[in-house]
Each structure stands twice: as structure tokens, then as C-alpha cells.
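If you want the building blocks of each chain, they are given just below.
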Amino acid sequence: MQQIHTKEITKPEYLTDLERNEIDHEVALVPHKSAAVIEALKIVQHYRGWISDDSVNAIAAYLQMSAAEVDSVATFYNLIFRKPVGRHVILVCDSISCYVMKYGDIYKALQEKLKIRFGETTGDQCFTLLPNCCLGCCDHAPALMIDNDLYKDVTIDMLDRILTKYT
Amino acid sequence: MERPLTQYIHPGCPPFDFKEYEMTGGYSALQKALKSMTPQEVQKLVQDSGLKGRGGAGFNTGMKWSFVPMGEDAPHPKYLIANADEMEPGTFKDRLLLEGNPHQLIEGMILAAYAIQADVSYIFLRWAYKKAAQLLRKSIQEAYAAGVLGKNILGSGFSLEMHLHTGVGRYMCGEETALLNALEGKRATPRAKPPFPQISGLYGKPTIVNNVETLCCVPHIVNNGAEWFKGLSNSEDSGTKLYGVSGKVNNPGCWELPIGVTMRELIEEHALGMKNGYQLKGVLPGGASTDFLTTEHLDVKMDFASVAAAGSRLGTGTMVVMDDATCPVGFVHNLQHFFAQESCGWCTPCREGLPWVEKMLLSLEQGNGTNEELELLQLHTQLLGPGNTFCALAPGAMEPLQSALKYFKEDFEMHVALHKCPYGE
Ligand SMILES: Cc1cc2nc3c(=O)[nH]c(=O)nc-3n(C[C@H](O)[C@H](O)[C@H](O)COP(=O)(O)O)c2cc1C
Ligand code: SF4
Ligand code: FES
């Protein structure tokens, strides 16, 4: 991770009005500001795609927390992205039922089609490929999610049709 | 056969809205409780019904509620939380209830909140359940509009707020004290117990965390009584259970059945047996953190006591079937990879031990394992076992490992002897 520059911590203007309004709404629901930090991270990620060091600093300043505190939370959760991701994030379930139903074959096919491995983003910034824990539809394994869409009983043949929806 | 929790769930059809739910008897339990029962009477009824938590631990729900301070001097606000984090690999039962009948959960939560006199309630929903989130949001709005949420519910003087909280992905968020930390905007590490959440939970106030399925049972118990609930089962435990089967079976799925059906019935009658060409080799009866059972256990009843007597746990009741073409070492490696990744890092045996276990299993699977490492794996099942770690994640992780080392010992030894995976994986 890049070094966090302390001078930036005093610049709450790094949050947009829209982001600030939404964060204020969450802050109003909790007893102290810092309790809204996960919501704030979600909101900022929603608008920016990922959480940069500047975003960490901006949230920290706004919620009167240290940047380290915000980052300790941001880095704990699997779906807060501390690195840039593509426009669409593909989450491939790599848990046990999908393992038994050979998610590995799906992953291999995705690797070949997109020329990226887990943790990587395509050159055109379209897709990021990530492994994910059980998606809760093990009776329709193997499963994957792209953004908000769940795909079940995935076969290699289905992949092209699925991917073109996002390109 | 009665299926109270799923009778109105038709996969593929949208769930009932408020009106439809009400027309089929919905919110009548709430009316009944608010009009004719004290909070303590609801607690007592649920305790007498024998309802045990469906989140994995199987503790009597009414008894759990009875530890919450009640009366004039009780601290407020008190909280009621529905645990809808469902991230145990192989588990997909709460999704059915959340997507299939959100008002049933909401009514169960209001009743539970009334029983403990909670002021605020949360649904802690995992991030991946997008459809459930949308349906719950809509249903909560409908419930407010109809006056079953908010101030002075149905003129009873009882008030309750309800919020939907979606997580950002971490298995530990399902552990009830870690869930409280996550709700408070912190890392999802567990808290020391005591104090138990019933006394000091969310923001230090009395809090009950219950599984979705547990809460969905409550309206039916209030409507039909404790004896009826007991009569639903064919075992010592009460009620029905959402059972699931996944793996290479002909009809993987989730069904509500009397608690205590046998594993054979589930696999053969409901999942319609193994796919052509595959034999059953092992079963995780209740999710990733339960001990393997094997073919010799097919007639074990799937209730809390019987599964425990067979050496495993009912857990979430959703079983993962391992077939004879799947390598047990690879299978257990997949599980340990999950647990190592999801370890919250709070205590050393788990933080350091699980990655080591995972690495040893990987090297075994790749043909580089030694007999010494097999012993080390065995040792870890004790070092990471109950009592040595801060929460139940690591002991849970050791359950499938220790039982795999017991039932599939030959497979482990073959990997060492052949210097490769005999299954070609
Ligand atoms: C690592 C870990 C993860 C858990 N995940 C869940 C979960 O996703 N859903 C759930 O209901 N219980 C989960 N539990 C169990 C909860 O801690 C708690 O026992 C349960 O929510 C209580 O509800 P019940 O009494 O209704 O079963 C988990 C426990 C552990 C140790
Ligand atoms: S056992 Fe694992 S998950 Fe539980 S507190 Fe310790 S490190 Fe965290
Ligand atoms: S294991 Fe893949 S969806 Fe559950």
C-alpha cells in the first residue's frame, strides 16, 4: 500500500456533496460518527469503484477518525476494494460445493477468455476477476456473480453469452 | 406433512406482499401476542416449544431470550438482530426464507423484539443477497406503512424500529459478537464472553442475535402453540428444519421437513440419489465446519442429539455430499483455504495455524507431503480445537479435518506413498 500523507487528512473536501449527504444520513442512525465508517466506505466505493488512500483520508477526516482506523476496517472486509477494479467485478465462488461441481473448469475458461487470473483486471478495465466465498446457492453450483447479477449452474458454454452483457 | 415456514414459498414466484401475507394469516400471531400475551408469556411459550437456534449452535431460543434484563430498570435501547449473514460454505437455507417470504421474518422479529422488549431491530444481511435486500427493503416499508413497525404498533403501546444492514463480506460477521462489532463499524473480531450479548451487546446494551430460520418459526409457534410445534417433528427436537443437499446428486435443493429425518431419506428421496457413475463417500451434515459422516451413518436422524451421537453436528442442516471421484485431501484443502482466509487474525493458534494447515494440505495434494506432516495435521486438530482459540471458527475448521483424517486415512497416506494425488487432481 502507498504511504498515507498526513497533510491530506485535513481536506474533507475530497468527499463530494452527494457522498457527504449519504454519509450524513447514515451518521444520523448511529450513536457516534465512527460507527458509520463501513457505510461511508460502501458509499464512497459505490461512486468511485474502489477506496484509494485519498478516500481513506477523506472519510477519516469527515468521521473524525484516524486514517489508520479507517484503513484497518477497510482492509478487513473482502468487498471493500483497496486497489482499482474494472467496471465489472466477476466473483467466482471457490467454496466447497462449487469445488465439488468443478468451479476450477469455469475459472480456467475465464482465465483463457479474459487473459487474467484472480486478482487481476483486464487491459481495457472492463473486468476484474476475484474468488469469493460461498454465494449461498450451492444447490446450483458452480455459481458466480457479476456486479449485482447471480449466475447459477454455470457451464463453460454459457460464459460468452454472460460476458457479452457487460462489454 | 406440515411445512409452516415454506408453505407459501414457490420458487420462481415473487413473495407475498403485505396484503397477501396478511390474507393468508400473516401478522395474526403479532395481533394475538400484542393483545393477549405479556412479553414473558411469549418467552415462556417459545421456551416450552423447544425451539432450538437454527444458526448452528442449537441453543433453546426462549431460554436465550430469558437472560435479557426485563422490567422498568432494564437498560434501553435493547436490540434484536436477525443474523442473515449466511456465509457458511454449503449453506443456502436462509436465502430461501429471505427471498421467499420476507414478511414472515419481519413478523418473527417483531414478536421476538416484543418478547424481550427491544426498541430497535436490525437485519444483518450478507452483501451477496441482492434480491433479498431489495425484497426486505420493500417489505419493511410496507410493514411501517401498515403500522406493524414504528411507534405504538397496532395500538399496543409497543414500538419498534427496523433497519436493514448489508455487510461487506466476511464469514466472521456471522459470529454473533463479531456481528455486533461489524454493526458498530468495527472489524468483525469476536468479543470476550461474558458479558453475553443478552446483557451487554450492541453499544453495550442488551441484545439478542437469532438466525433467520429461528425467527421465522416464532409466528407459527405463537399461532399454534408449543405442543403443535413439538408434534411437527419425528425426533426429540421440535419443529421442522430446512435441510439442504448439494454436490453430485440428481436433485440438489432445500426442503422443509420434520426435524429428525434420516440422512438416507434426504439424499435418496429428496436429492434423488447420487448422479450416475458416482458413489457417496462422505457427507458434511451441516456446512463446512461439521465433522464428516460416511455411508455407515446413512440412517442417522438429522436432529441435534442424533447427529452429535454420530460424532458430528447438525450445524446449519445443509449437507455437502462428497462423491468417490472427489479427492478428500483436495476437498479438505478447499475447506481449510476458506477458513484460513476468513480467520479474523485475533488469536494466534487460528491466525498462524490455519494457513499452516492449508499449506500442508496443498503440498500433500501436490505430492510433496510426508508422514511427519500427517502427524502435524493430526496435532493441529487438537491445537486449534475447542478451548484453545478465542472463537468457534478454528475449532469448526478442525472438525472436517479430524474426521477426514479418521475416515479417509488411506487417501491421505496414498498421497504420501505415491507422491501424487491418486484422483489425478
Ligand atoms: C465463524 C462463525 C460464523 C457464523 N455464521 C453464522 C451465520 O452466518 N448465520 C447464523 O445464523 N449464525 C452464524 N453463526 C452462529 C452465531 O454465532 C449465533 O450462534 C447464531 O446466530 C445464534 O442464532 P440462533 O440461536 O438462532 O441459532 C456463526 C458462528 C461462527 C463461530
Ligand atoms: S479463532 Fe480465528 S476467527 Fe476466532 S477469534 Fe481466533 S483468529 Fe479470530
Ligand atoms: S459453495 Fe458455491 S455457492 Fe455455496
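Along each chain, residues carry numbers from 1 onward, in the same order as the chain's sequence is written. Naming scheme: in the order in which they are written, chains are lettered from A and ligands are numbered from 1. This being a predicted model, a pLDDT of at least 70 is required before a residue's local features are given, and a value of 80 or more before pairs of side-chain atoms are given or counted; all residues contribute to the totals for chains, interfaces and linings. Calculation of side-chain values draws on the structure's entire complement of heavy atoms; hydrogens and water are dropped beforehand.

Here's the deal with helix α11 (residues 263-270) of chain B
Piece 1. Between buried and exposed lies partly exposed: a residue is buried under 20% and exposed over 50% of the maximum accessible area for its type, with that area taken using a 1.4 Å probe on protein chains only. Counting from the N terminus, the helices are DSSP H or I runs at least four residues long and the strands are E runs at least two residues long. The complete set of buried residues in α11(B) reads Met263(B), Leu266(B), Ile267(B) and His270(B). The buried residues of α11(B) occupy an angular sector of 115 degrees when the element is viewed end-on, so they sit on one face. Each direction from the helix axis to a C-beta atom contributes to the arc, which is the arc of those directions.

Some details on the site of ligand 1
All names here are of chain B.
Piece 1. Ligand 1 sits among 18 residues. The nearest are Gly55, Asn83, Asn210, Asn211 and Thr214.
Piece 2. Think of a polar contact as two N or O atoms within 3.5 Å of one another; within protein, one of them needs to be a possible hydrogen donor and the other a possible acceptor, and neighboring residues in sequence only count if both atoms come from side chains. The backbone of Arg54 places a nitrogen or oxygen atom 3.3 Å from an oxygen atom of ligand 1.
Piece 3. Thr214 places a side-chain nitrogen or oxygen 2.7 Å from an oxygen atom of ligand 1.
Piece 4. Here the Shrake-Rupley method, with its probe set to 1.4 Å, supplies the accessible areas, and only the displayed protein chains count as covering residues. Bound to the protein, ligand 1 loses 89% of the 610 Å² it would expose on its own.
Piece 5. Put simply, ligand 1 lies in the second largest pocket. Any residue with at least one heavy atom within 4 Å of a molecule or strand is counted as near it. Using a 1 Å grid laid over the protein atoms alone, points where a 1.4 Å probe fits but cannot get out form a cavity; open sets with protein on both sides within 12 Å along at least 5 of 7 lines form a pocket; any residue with an atom within 4 Å of a point counts as lining. In this scheme, a molecule is assigned to a cavity or pocket if more than half of its atoms are within 2 Å of the grid points.

Focus on the pairing of strand β3 (residues 161-166) of chain B
Residues in a regular strand project their side chains so that they alternate between the two faces of the sheet.
Residues and elements named next belong to chain B.
Piece 1. Any two strands with at least two DSSP-identified bridges between them are counted as paired. The sheet contact formed by strand β2 (residues 120-125) and β3 spans 6 bridges and is parallel. Its bridge partner being in β3, Ile123 is matched across the sheet by Leu164.
Piece 2. The path from the first strand over the helix to the second decides the hand: if it runs clockwise while the strands point away from the viewer, the crossover is right-handed. Handedness of the crossover joining β2 and β3 through helix α7 (residues 130-145): right-handed.

A few points about the interface of chain A and chain B
As a measure of interface size, the accessible area lost when the parts come together is often cited.
Piece 1. Chain A puts 40 residues into the contact, and the matching count from chain B is 53 residues.
Piece 2. As used here, buried area is the combined drop in accessible area, with a 1.4 Å probe, of two parts when they are placed together. Counting each side, the surface lost to burial between chain A and chain B is near 3,500 Å², with a carbon and sulfur contribution of 60%.
Piece 3. One side-chain nitrogen of Lys or Arg within 4 Å of one carboxyl oxygen of Asp or Glu is enough to make a salt bridge. Seen at the junction of chain A and chain B, the total is 0 salt bridges.
Piece 4. Connecting chain A to chain B are 18 residue pairs in polar contact (both at pLDDT 80 or more).
Piece 5. Those elements that place two or more of their residues in the side of chain A that touches chain B are α2 (37-48), α4 (67-74) and α5 (96-100) of chain A.
Piece 6. Of the residues that constitute the side of chain A that touches chain B, the class distribution is 24 nonpolar, 10 polar and 6 charged. Working rule for contacts: check all heavy atoms of both residues, and any pair within 4.5 Å makes them a contact. For this classification, Asp, Glu, Lys and Arg are treated as charged, while Ala, Val, Leu, Ile, Met, Phe, Trp, Tyr, Cys and Pro are nonpolar and the rest, including Gly, are polar.

Description of the environment of Trp127(B)
Piece 1. Among the structural elements, Trp127(B) can be located in the loop between β2 and α7.
Piece 2. C-alpha of Trp127(B) to C-alpha of Gly239(B): the two residues are 112 residues apart in sequence and 29 Å apart in space.

A closer look at the sheet that holds strand β6 (residues 253-258) of chain B
Residues and elements named next belong to chain B.
Piece 1. Judged by pairing direction, the sheet is mixed, and its 4 strands sit side by side in the order β6-β5-β8-β7 without closing on themselves. Two strands in the sheet have a free side with no partner beyond their single neighbour: β6 and β7 (280-284). This sheet shows a mean twist of 30 degrees between the axes of neighbouring strands, independent of strand direction.
Piece 2. With 3 bridges joining them, strand β5 (residues 240-246) and strand β8 (residues 318-323) adopt parallel strand pairing. Its bridge partner being in β8, Gly244 is matched across the sheet by Thr318. For helices, the fitted axis covers only the stretch in contact; all axes are lines through C-alpha atoms, and the angles between them, taken along N-to-C directions, range from 0 to 180 degrees.

Description of the packing of aromatic side chains
Residues and elements named next belong to chain B.
Piece 1. Any two of the Phe, Tyr and Trp rings considered here, Trp counted by its six-membered ring, make a pair once their centres fall within 6.5 Å; the pair's planes then place it as stacked at under 30 degrees, edge-to-face at over 60, or tilted in between. For the coordinates displayed, the defined rule picks out 17 aromatic pairs over all chains.
Piece 2. Plain terms: the ring middles of Tyr114 and Phe158 are 5.3 Å apart, the flat faces sit at 80 degrees to each other, and that makes the pair edge-to-face. Linking Tyr114 in helix α6 (residues 102-116) with Phe158 in the loop between α7 and β3, this pair joins segments that are 44 residues apart in sequence. Residues Tyr114 and Phe158 agree in their burial class; the two are buried.

A short note on the nonpolar core
Piece 1. Residues belong to a common nonpolar core when they are buried Ala, Val, Leu, Ile, Met, Phe, Trp, Tyr or Cys residues joined through side-chain atoms within 4.5 Å. Of all hydrophobic cores here, the largest spans 184 residues; its most connected members are Tyr77(A), Ile90(A), Leu110(A), Leu105(B) and Ile110(B).
Piece 2. The greatest single-element share of this core, amounting to 10 residues, is contributed by α6(B).
Piece 3. Leaving out residues up to four positions away in the same chain, Leu105(B) has contacts with Ala82(B), Leu98(B), Ile123(B), Leu136(B), Val212(B), Leu215(B) and Cys216(B).
Piece 4. Formed by 24 residues, the second largest nonpolar core is a distinct cluster that contains Val245(B), Leu280(B), Leu298(B) and Met319(B).

A closer look at the site of ligand 2
Piece 1. Taken together, the neighbourhood of ligand 2 is formed by 13 residues, with Cys344(B), Trp346(B), Cys347(B), Cys350(B) and Cys391(B) sitting nearest.
Piece 2. Class assignment for the residues of the shell around ligand 2 results in 10 nonpolar, 3 polar and no charged.

Topic: empty space enclosed by the protein
Piece 1. Grid points are joined across faces, edges and corners, and a volume is the space filled by probe spheres set on the points. Enumeration according to the criterion identifies 2 cavities of 30 Å³ or more in this entry.
Piece 2. By volume, the largest cavity is sized at about 80 Å³.
Piece 3. The wall of the largest cavity is formed by 14 residues, among which Cys344(B), Cys347(B), Cys350(B), Cys391(B) and Leu393(B) lie closest to the centre.
Piece 4. Taken together, the residues that form the lining of the largest cavity break down as 10 nonpolar, 3 polar and 1 charged.
Piece 5. Around the second largest cavity, the lining residues are Asn78(A), Leu79(A), Asn132(A), Cys133(A), Met87(B), Arg126(B), Trp127(B), Ala128(B) and Gly169(B).
Piece 6. When the residues that make up the lining of the second largest cavity are grouped by side-chain class, the tally is 5 nonpolar, 3 polar and 1 charged.

Structural notes on the domain arrangement of chain B
All names here are of chain B.
Piece 1. Segment limits for the domains were obtained from an automatic or database-derived domain assignment. Taken domain by domain, chain B consists of domain 1 (18-230), domain 2 (240-323) and domain 3 (328-418).
Piece 2. Residue-level contacts link 16 residues of domain 1 with 19 residues of domain 2.
Piece 3. Counting the surface lost from both domain 1 and domain 2, the interface buries some 1,400 Å², and carbon and sulfur atoms represent 62% of this.
Piece 4. One can count 1 salt bridge joining domain 1 with domain 2.
Piece 5. In this structure, Lys241 and Glu213 form a salt bridge, with 2.7 Å as the shortest nitrogen-oxygen distance.
Piece 6. Inspection of the region where domain 1 meets domain 2 yields 9 residue pairs in polar contact (both at pLDDT 80 or more).
Piece 7. It is helix α5 (residues 93-100) that provides the largest number of residues to the side of domain 1 that touches domain 2, a total of 3 residues.
Piece 8. For the side of domain 1 that touches domain 2, the residue count by class is 5 nonpolar, 6 polar and 5 charged.

A look at the pairing of strand β2 (residues 127-132) of chain A
All names here are of chain A.
Piece 1. With 5 of its 6 residues buried, β2 lies for the most part within the structure.
Piece 2. Pairing of strand β1 (residues 88-93) with β2 involves 6 bridges; the strand directions are parallel. When the sheet's bridge partners are listed, Cys93 is paired in β2 with Asn132.

What to know about the layout of surface pockets
Piece 1. By volume, the largest pocket amounts to about 1,400 Å³.
Piece 2. In this structure, the largest pocket is lined by 47 residues; those nearest its centre are Glu39(A), Lys42(A), Lys130(B), Arg137(B) and Thr166(B).
Piece 3. Elements that contribute at least two residues to the lining of the largest pocket include exactly α1 (17-27), α2, β1 and β3 (144-146) of chain A together with α7, β3 and α8 (176-183) of chain B.
Piece 4. With 7 residues, α7(B) is the single largest residue contributor to the lining of the largest pocket.

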